Amino acid sequence: MCGIVGYVGTQPALDVVLAGLRRLEYRGYDSAGVAVLADGGLAAAKKAGKLGSLEKELATNPLPVGATGIGHTRWATHGAPTDTNAHPHLDNAGRVAVVHNGIIENFACLRAELTGRGHDLTSETDTEVVAHLLAEEFSSCADLGEAMRLVCRRLEGAFTLVAMHADEPDVVVGARRNSPLVVGVGQGEAFLASDVAAFIAHTRSAIELGQDQVVELRRDGVTVTGFDGRPADVRSYHVDWDVSAAEKGGYDYFMLKEIAEQPKAVADTLLGRVDASGSLTLDEVRIGAQELRETDKVVVVACGTAFHAGLIAKYAIEHWTRLPCEVELASEFRYRDPILDPRTLVIAISQSGETMDTLMALRHAREQGSKVLAICNTNGSTIPREADAVLYTHAGPEVAVASTKAFLTQLVACYLVALYLGQVRGTKWGDEIRAVVRELSRISREVERVLATMEPVRELARSLAEKDTVLFLGRHVGHPVALEGALKLKELAYMHAEGFAAGELKHGPIALIEEDLPVVVVVPSPAGRSVLHDKIVSNIQEIRARGARTIVVAEEGDEAVVPYADHLIRIPATPTLLQPLVATVPLQVFACELATARGNDVDQPRNLAKSVTVE
Ligand code: M6R
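Residues numbered from 1 in each chain as written. Predicted model: local features only at pLDDT ≥ 70, side-chain atom pairs only at ≥ 80, totals over all residues. Heavy atoms only, no water.

Novice: Explanation requested: the environment of Glu-332 in the structure shown.
Specialist: If you trace the backbone, Glu-332 turns up in helix 10 (residues 330–333). Distance in space between the C-alpha atoms of Glu-332 and Ala-309 is 17 Å, their sequence separation being 23 residues. (Helix = DSSP H or I, 4+ residues; strand = E, 2+ residues; numbered from the N terminus.)

The following block contains the structure:
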């Protein structure tokens with residue numbers, strides 16, 4: 001939520017900042033703003049709407065050229081997305097500019113205090129107080145880094161702040177608590193951003209910032225201290241992807257590109273995880289074998305699409321390890337006082353590694369003595385840093401707000417963890433593990449085959465663009481796939497879409513079925529448990545008898561469904577538990593095409609942001 005960029009160097013700061021914001025726009029796109037230091041003063045511009053509106057404004061009213069600048073693209077929390085509420089926020093003298101991601105929980109009393117001292121605050125935001133507090137502190141210490149440390153010690157909540165002051169024209173200062181901020185180090189220049197994508201075109205050399213740290217950026221280097229002023233240890237790393245991964249590469253939308261990248265993402269996530277003897281070697285899983293053997297329960301916590309990956313993981317974990325597995329929405333987890341102890345293994349799944357709900361669930365679990373394993377796509381992000389162990393998915397940067405390739409790689413990672421637990425605990429024989437791994441290695445080609453046959457799905461999606469509702473049904477692992485199909489449609493097409501366990505239908509939701517209502521049914525493999533397959537064939541007949549238009553996703557060779565399918569989407573045959581890896585793909589394509597046909601921007605759906613860093 002909200003994208004932040006800071007720059008100090010030799011290039012025109014505005015160009016660097018705007019290009020960075022363009023790459024961070026997925027984090028929020030309600031409004032945008034920039035500020036530069038030039039000619040001994042500070043100049044700023046901000047505008048409601050997407051970055052394009054700000055760029056238009058700058059074309060009409062250009063800012064002076066300077067080599068120090070900051071910028072922001074906003075997902076509104078406090079105050080409507082207006083020009084006034086857009087960041088940067090300035091102090092009354094217009095000497096300090098600050099941008100912020102997160103929520104300052106004690107802003108109301110700070111605001112009252114400032115107003116009492118004669119400050120004039122004009123926006124509805126929580127951020128503006130920081131500009132005024134920084135100005136006050138700077139007036140006594142004349143050091144922006146020190147002023148930031150003093151102010152941060154007074155703030156409550158989660159925040160990333162980036163600020164500059166006209167009296168220190170070659171310095172940008174950042175601070176972070178529970179909200180992402182990374183540093184990029186170039187030759188004679190340095191960057192601050194919510195995500196490395198903002199500066200990857202300039203440098204791949206990055207520094208992770210820890211909690212409660214302040215960073216001072218100058219042309220000749222970077223210093224990091226705690227909020228208490230003590231020098232901090234920092235970890236530098238090399239970003240292992242380049243600028244092309246963060247570009248559309250000829251596709252109209254990032255989402256289309258990311259759907260197409262799934263075969264590679266799945267294959268990359270499997271790479272290097274099996275040794276010559278066929279045993280799994282998950283080197284990043286730093287939880288000892290003995291501890292995993294003593295585990296008596298697994299709990300998965302995640303949000304949104306990652307939560308659906310967790311629901312599928314449950315089937316694999318319970319089937320392959322015989323360990324009970326609970327799956328919980330991270331946002332609900334800590335509020336219900338879950339039963340956790342050192343024998344509970346908690347798996348936190350997150351693409352971004354910054355989702356606040358998941359982070360809070362992770363912290364709660366660790367406080368209760370449980371070990372946490374993160375499944376994450378973003379190197380150096382907070383969730384893997386705070387977890388006991390991590391298994392990285394290798395999807396590459398996912399820019400579109402709707403998660404696609406990250407989901408498939410989360411599934412692969414979940415299967416690997418489940419098999420690994422089975423291997424360590426001896427509930428799966430080596431040859432059984434090798435057989436599943438062989439099937440998993442085959443999946444990347446099968447996903448490619450699915451992608452090559454999507455034109456009829458796109459055509460169907462376009463023909464349904466005027467509908468109000470689409471329902472999704474599934475059984476067993478097909479149920480979370482149905483939930484995921486419905487989520488994609490909701491967030492992209494702004495349609496009423498719901499996923500149900502097919503068996504639940506008769507307990508209420510069947511009342512929703514009416515003439516020509518599109519219902520997508522995910523059919524389990526007939527080669528798996530025939531009873532499961534037979535039951536869903538009956539469910540298809542039940543809804544069809546009530547007028548539904550059935551869109552059936554079924555394996556090649558499954559002839560039993562043919563008489564009842566108004567539209568048939570074929571997927572390759574896979575082992576039952578792995579079917580979500582191929583069954584989800586047509587649903588992603590369906591949602592993307594239907595949303596596009598309705599004229600929606602699938603990369604930046606309304607009201608959403610990619611990385612949800614507030615609770
Ligand atoms: O970064 P995370 O995986 O933690 O994000 C979790 C959800 O916010 C995310 O999956 C969201 O539901 C997506 N927009 C779904 O497409």
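After presenting the structure, the write-up continues.
Novice: In this structure, what is going on with the UniProt feature "domain: Glutamine amidotransferase type-2" (unreviewed entry) in the protein? I would like to understand it.
Specialist: Under the UniProt annotation, "domain: Glutamine amidotransferase type-2" (unreviewed entry) lies at residues 2–220. Taken end to end, residues 2–220 is 25% helix and 33% strand, and its two terminal C-alpha atoms sit 28 Å from one another. (UniProt positions renumbered as here; feature names shortened; annotations may be inferred.)

Novice: In this structure, what is going on with empty space enclosed by the protein? I would like to understand it.
Specialist: Rolling a probe over the atoms, with the probe sized like a water molecule, indicates the empty space that remains. In the structure shown here, the tally under the stated rule is 3 cavities of 30 Å³ or more. Quantified by volume, the largest cavity comes out at close to 80 Å³. If you trace the largest cavity, you find it lined by Cys-2, Arg-74, Trp-75, Thr-77, His-78, His-87, His-100, Asn-101, Gly-102, Asp-126, Thr-127 and Val-614. With 3 residues, strand 6 (residues 96–104) is the largest single contributor of residues to the lining of the largest cavity. Looking at the lining of the largest cavity residue by residue, the class counts come to 3 nonpolar, 7 polar and 2 charged. As a volume, the second largest cavity reaches approximately 40 Å³. Lining the second largest cavity we find Ile-287, Glu-291, Leu-292, Thr-295, Pro-342, Arg-343, Thr-344, Leu-345 and Lys-371. Only helix 8 (289–294) and strand 17 (344–350) provide two or more residues apiece to the lining of the second largest cavity. In the lining of the second largest cavity, the residues fall into 4 nonpolar, 2 polar and 3 charged. (1 Å grid on protein atoms, 1.4 Å probe; cavity = no way out; pocket = protein on both sides within 12 Å on 5 of 7 lines; lining within 4 Å. Points joined across faces, edges and corners; volume = space filled by probe spheres on them. Nonpolar A, V, L, I, M, F, W, Y, C, P; charged D, E, K, R; others polar.)

Novice: Just checking my understanding: could you explain the domain arrangement of the protein for this structure?
Specialist: Interface size is commonly expressed as the accessible area that is lost once the parts come together. Here the protein is partitioned into domain 1 (3–246), domain 2 (254–451) and domain 3 (455–597). Computed over C-alpha atoms only, the centres of domain 1 and domain 2 are separated by 34 Å. Counting from both sides, the interface comprises 16 residues of domain 1 and, opposite them, 15 residues of domain 2. Summed over both sides, the interface between domain 1 and domain 2 buries roughly 1200 Å², with carbon and sulfur atoms accounting for 50% of that surface. (Domains from an automatic or database assignment. Contact = heavy atoms within 4.5 Å. Buried area = accessible area lost by both parts, 1.4 Å probe.)

Novice: How should the UniProt feature "domain: SIS" (unreviewed entry) in the protein be read in this particular structure?
Specialist: With numbering matched to this structure, UniProt assigns "domain: SIS" (unreviewed entry) to residues 288–427 and 460–605. The straight-line gap between the two end C-alpha atoms of residues 288–427 is 17 Å; of that span, 47% is helix and 20% is strand. Secondary structure over residues 460–605 splits into 37% helix and 20% strand, and the C-alpha atoms at its two ends are 22 Å apart.

Novice: Explain the packing of aromatic side chains here, please?
Specialist: The relative placement of two aromatic rings is captured by the distance of their centres and the angle of their planes. This model, assessed by the stated rule, comprises 4 aromatic pairs. With 6.2 Å between their ring centres and 10° between their planes, Phe-159 and Phe-227 make a pair best called stacked. Of this pair, Phe-159 sits in strand 7 (residues 157–165) while Phe-227 sits in the loop between strand 13 (221–226) and strand 14 (235–238), and the two are 68 residues apart along the sequence. Take Phe-159 and Phe-227: they sit in the same class, and that class is buried. Between the NZ or CZ atom of Lys-50 and the centre of the ring of Tyr-29, over which it lies, the distance is 5.3 Å. Here the guanidinium or amino end of Arg-606 rests over the ring plane of Tyr-494, the centre of that ring lying 4.0 Å away. (Phe/Tyr/Trp six-rings, centres within 6.5 Å; stacked < 30°, edge-to-face > 60°. Buried < 20%, exposed > 50% of the residue type's maximum accessible area, 1.4 Å probe, protein only. Lys NZ or Arg CZ within 6 Å of the ring centre and 35° of its normal.)

Novice: Explain the site of the ligand to me, please; I cannot follow it from the model alone.
Specialist: Around the ligand, the surrounding shell holds 13 residues, and the nearest of these are Ser-350, Gln-351, Ser-352, Thr-355 and Glu-491. At 2.4 Å from an oxygen atom of the ligand is found a side-chain nitrogen or oxygen belonging to Thr-355. In this structure, Glu-491 approaches the ligand through a side-chain N or O atom, which is 2.5 Å from an oxygen atom. If the ligand stood free it would expose 420 Å²; the protein chains cover 90% of that surface. Comparing atom positions with the cavity grids shows the ligand to sit within the second largest pocket. (Near = heavy atom within 4 Å. Polar contact = N/O pair within 3.5 Å; in protein donor to acceptor, adjacent residues only side chain to side chain. Areas by Shrake-Rupley, 256 points an atom, 1.4 Å probe, with all protein chains shown as cover. Sits in = over half its atoms within 2 Å of the grid points.)

Novice: Any chance you could explain the sheet that holds strand 5 (residues 89–90) here in plain terms?
Specialist: Each strand in a sheet pairs with another by means of backbone hydrogen bonds, the pair being arranged parallel or else antiparallel. What the 6 strands build is an open sheet, ordered 5-6-7-8-12-13; its pairing is antiparallel. Two strands lie at the open edges of the sheet, namely strand 5 and strand 13, each paired on one side alone. Sheet topology places strand 6 next to strand 7; 9 bridges connect them, and they run antiparallel. Counted as the bridge partner of Ile-103 is Ala-158 from strand 7. Contacts from helix 5 (residues 144–152) reach strand 7, strand 8 (172–177), strand 12 (213–218) and strand 13 within the one sheet, and its direction differs from that of strand 7 by about 155°. (Pairing = 2+ DSSP bridges. Axes fitted to C-alpha atoms, helices over the stretch in contact; angles between N-to-C directions.)

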